[in-house]
Amino acid sequence: MTFDDFKFDSALYEGMSSMNFKTPTPIQAQAIPEIMSGKDIIACAQTGTGKTAAYLLPVINHALKQESRNLSTIIIVPTRELASQVDQVAEGLTYFTSVETFPITGGGDGAAYERERKALKKGGADVIIATPGRLISHLASGYVNTKEIKHLVLDEADKMMDMGFYDDIVKIIRQLPADRQNILLSATMPPKIRKLASELMNDPVQINIAVSMPAEKIRQEAYVVHEEQKLPILQEVLKAEELESIIIFASTKQNVRELNKTLKKAGLDANAIHSDLEQPEREAIFNNFKNRQFRILIGTDLISRGIDIENIDLVINYDIPGDAEDYIHRIGRTARAATKGRAISFINEKDQRKFRRIEQLMGKDVEKIPVPEQFGPAPEYKALINKKKGGRKPFRKKKFYKKKDQ
């Protein structure tokens, strides 16, 4: 299959060509024909599968065929950073067309709000990419033209549920025409997503793209440690590694702030993104990291999805994620675009079972690096799993040896 099979508008093909679109990914090949046919869609697919273009291409093509220009598509995403990235893809695809796209994300001054207001009024934009809270703020003001909405897209719906946006999304849906197409994309299908889909959708087509495993070029390693050993070993790793681009994932914004403060005090070139920062500051930090103006970015799982930066040398899991698939998202930030990469995880005693679930999902054991003697004795890896019969048994600790310097 090629993109020619979809018979898009010629102007849209120009944008696709400029962005080097060649062969549809599996999610694009399956979703685009169904979306173009007008069916409701539930797609389980991760970041990196091409899901953004899978919904943008058909809704942009639909907008090109309309005689009058009105707001026809609302795309809702969990974070401003993801909204910005989706809008960048949309801008590239629509560059040679008359279709207008616009991000509705908040975090700016009064002038930014006024630009959003104009985009939401009749004729202002064909496609908007919005965060839930900001869109509700505009809807409450009464000037948003929703009468011509043909498509509602919920991207990374599971992350929106995790962030507590269920009620906001229901509130938005109540203000949209009943006669519309619904497109829901999610990496996982927890109960709240299933409930939302049952309330939202009419006989949806379900598309499942298997969980992608980490790229083979990612060298995965882990330290089994006591909690108090994590920070000194992390500092040792960061000082020893002459790398240009490192992402550190922590479980909470408090941990992110504390790590950032400690690493800066230690003279390391680090910065952090978390929800307490104003949006312009978050965007500036992200862009500066992308442009290699500092080398260590610290954040939570909010930056593990939808953030596309090439040539990340090292990903560090300072805290182990609760969801095994989030580990895949995190380390997938490295070894992109056919490059090599490395991922290091710190496993304390309470996180051992979490990490074992990650290894089970991947179908492989991650190499455990011996903790250097100067940091004191480390715990053994005693992750437990359920036996088919008779309860649980511990995994035997394997012997691991230091790799020679390469």
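The structure we're discussing is the one just above.
Here the structure is a predicted model, which is why all the values come from computation and not from measurement.

Enquirer: Whenever I open this one, the nonpolar core confuses me. Can you help?
Expert: Across soluble globular proteins, you tend to see nonpolar side chains buried next to one another. Within the largest apolar cluster, 36 residues are counted, with the highest numbers of intra-cluster contacts made by Phe8, Tyr55 and Leu57. Of all the secondary-structure elements, those providing two or more residues to this core are helix H1 (10-18), helix H2 (26-36), strand S1 (41-44), helix H3 (51-64), helix H4 (80-93), strand S4 (127-130) and strand S6 (181-186). With eight residues, H3 is the largest single contributor of residues to this core. Once you skip the residues sitting within four places of it in the chain, Leu57 turns out to touch Phe3, Phe8, Leu12, Met16, Phe21, Ile32 and Leu93. Listed in part, the 35 residues of the second largest apolar core include Ile74, Met161, Ile169 and Met201.

Enquirer: What am I meant to see in the pattern of salt bridges here?
Expert: Tallying each qualifying case throughout the model produces 14 salt bridges. With a closest N to O distance of 2.8 Å, Glu81 and Arg282 form a salt bridge. Highlighted residues: Glu81 in helix H4 and Arg282 in helix H12 (residues 279-290), separated in sequence by 201 residues. Judged on exposure class, the residue Glu81 and its partner Arg282 are both buried. The structure contains a network of salt bridges with shared partners spanning Arg356, Glu359, Asp365 and Lys368.

Enquirer: Can you help me understand the sheet that holds strand S8 (residues 218-224) in this one?
Expert: Remark on secondary structure: sheet strands pair via backbone hydrogen bonds, oriented parallel or antiparallel. The parallel open sheet is built from seven strands, whose spatial order is S10-S11-S9-S12-S13-S8-S14. A single partner strand is all that each edge strand has here, and the edge strands are strand S10 (270-272) and strand S14 (367-368). Where strand S9 (residues 246-249) meets strand S11 (residues 296-299), four bridges bridge the pair, whose relative direction is parallel. The residue bridging Ile248 from the neighbouring strand is Ile298, located in S11. On the sheet, helix H13 (residues 324-331) packs against S8, S9, strand S12 (314-317) and strand S13 (341-347) and is oriented at approximately 150° with respect to S12.

Enquirer: Hey, could you run me through the packing of helix H10 (residues 227-240) against helix H11 (residues 253-265) in this one?
Expert: How two helices sit against one another is set out by the angle between their axes and by the gap between those axes. Across the interface, H10 lies against H11 with an axial gap of 11 Å and an inter-helix angle of 50°. Between H10 and H11, the crossing angle belongs to the class labelled oblique. Handedness of the crossing formed by H10 with H11: right-handed. Contacts between H10 and H11 involve Leu231, Leu234, Gln235 and Leu238 from the first element and Leu259, Thr262 and Leu263 from the second. Tallied by class, residues from the contact of H10 with H11 come to five nonpolar, two polar and no charged.

Enquirer: Explain the packing of aromatic side chains here, please?
Expert: Centre-to-centre distance and the angle between the planes together describe a pair of aromatic rings. One pass over the structure, following the stated rule, counts nine aromatic pairs. Three or more aromatic residues link up through ring pairs in this structure, and these residues are Phe3, Phe6, Phe8, Tyr13 and Phe21. Here the guanidinium or amino end of Arg117 rests over the ring plane of Tyr143, the centre of that ring lying 5.8 Å away. Of note, Lys230 hangs over the ring of Tyr318, and the distance from its end group to the ring centre comes to 4.6 Å.

Enquirer: I'm lost on the sheet that holds strand S3 (residues 101-104) in this one. Help?
Expert: Spatial strand order, S3-S4-S2-S5-S6-S1-S7: seven strands in an open sheet with parallel pairing. A strand with exactly one partner marks an edge of an open sheet, and here the two such strands are S3 and strand S7 (205-208). For this sheet, the mean angle separating the axes of adjacent strands, direction not counted, is 15°. With four bridges connecting them, S3 and S4 associate as parallel partners.

Rules and cut-offs
Residues numbered from 1 in each chain as written. Predicted model: local features only at pLDDT ≥ 70, side-chain atom pairs only at ≥ 80, totals over all residues. Heavy atoms only, no water. Core = buried A, V, L, I, M, F, W, Y, C linked by side-chain atoms within 4.5 Å. Buried < 20%, exposed > 50% of the residue type's maximum accessible area, 1.4 Å probe, protein only. Helix = DSSP H or I, 4+ residues; strand = E, 2+ residues; numbered from the N terminus. Contact = heavy atoms within 4.5 Å. Salt bridge = Lys/Arg side-chain N within 4 Å of Asp/Glu carboxyl O. Pairing = 2+ DSSP bridges. Axes fitted to C-alpha atoms, helices over the stretch in contact; angles between N-to-C directions. Parallel < 35°, antiparallel > 145°, perpendicular 65-115°, else oblique. Left-handed = near helix turned anticlockwise from the far one by under 90°. Nonpolar A, V, L, I, M, F, W, Y, C, P; charged D, E, K, R; others polar. Phe/Tyr/Trp six-rings, centres within 6.5 Å; stacked < 30°, edge-to-face > 60°. Lys NZ or Arg CZ within 6 Å of the ring centre and 35° of its normal.

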